[in-house]
Amino acid sequence: MAKRILVVEDNDLNRKLFCDVLRSQGYAVEPCADGLDALDKARQFVPNLVIMDIQLPDVSGLDLIEAAKKDPVLRTIPVLAVTAYAGKGDEERIREAGAEGYLAKPVSIGPFMQAVRALL
């Protein structure tokens, strides 16, 4: 059975790219454009991995990661955080929120797939 990955990304091009690449590698993928729907989608889809954009409208990806890690259903699901705003201390803050992986945008396909496989 294919591993399941939830992709939380508000940018249409990035979301499509992540989903297309993951599907081409045999993963079952559920896209999520709205961070406000992310935790509900995760509970329904029950992914093996969540790819989480940090800069989302209406809600911070950091807040979503922290909420997921407090949720009894979601807490064991690894999170790969991706962000365009990779400044000093960002990775540390994101990992403290509970993300097991971190990538700065723009994301190259090789390192992206390497990070995904490492967390699965």
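Residues numbered from 1 in each chain as written. Predicted model: local features only at pLDDT ≥ 70, side-chain atom pairs only at ≥ 80, totals over all residues. Heavy atoms only, no water.

The protein chain is annotated in an unreviewed UniProt entry as Two-component system response regulator of Novosphingobium guangzhouense.

K.L.:
Describe the sheet that holds strand 4 (residues 79-83), with residues and values.
P.N.:
One open sheet accounts for five strands, arranged 2-1-3-4-5; its pairing is parallel. Two strands lie at the open edges of the sheet, namely strand 2 (28-32) and strand 5 (101-104), each paired on one side alone. Each strand axis lies, on average, 15 degrees off the axis of its neighbour in the sheet, ignoring direction. With five bridges joining them, strand 1 (residues 4-8) and strand 2 adopt parallel strand pairing. Residue pairing across strands places R4 opposite A28, the latter belonging to strand 2. Packing of helix 1 (residues 12-24) onto the sheet brings it into contact with strand 1, strand 2, strand 3 (49-53) and strand 4, and relative to strand 2 it is tilted by some 170 degrees. (Pairing = 2+ DSSP bridges. Helix = DSSP H or I, 4+ residues; strand = E, 2+ residues; numbered from the N terminus. Axes fitted to C-alpha atoms, helices over the stretch in contact; angles between N-to-C directions. Contact = heavy atoms within 4.5 Å.)

K.L.:
Tell me about the pattern of salt bridges, residues and numbers included.
P.N.:
By the definition in use, this model includes ten salt bridges. For the salt bridge of E9 with K105, the shortest nitrogen-to-oxygen distance reads 2.8 Å. Of the two residues, E9 is situated in the loop between strand 1 and helix 1 and K105 in the loop between strand 5 and helix 5 (109-119); the sequence distance between them amounts to 96 residues. A network of salt bridges, in which partner residues are shared, links E9, D53 and K105. (Salt bridge = Lys/Arg side-chain N within 4 Å of Asp/Glu carboxyl O.)

K.L.:
Tell me what's going on with the side chain of R15, and back it up with residues and numbers.
P.N.:
Of note, R15 is situated in helix 1. Within the local environment of R15, its side chain forms a polar contact with the backbone oxygen of E9, the two atoms lying 2.8 Å apart. Side-chain polar atoms of R15 contact the backbone oxygen of D10, separated by 3.5 Å. Those residues within four positions of R15 in sequence are excluded, and the remaining contacts are V7, E9, D10, P31, C32 and A33. (Polar contact = N/O pair within 3.5 Å; in protein donor to acceptor, adjacent residues only side chain to side chain.)

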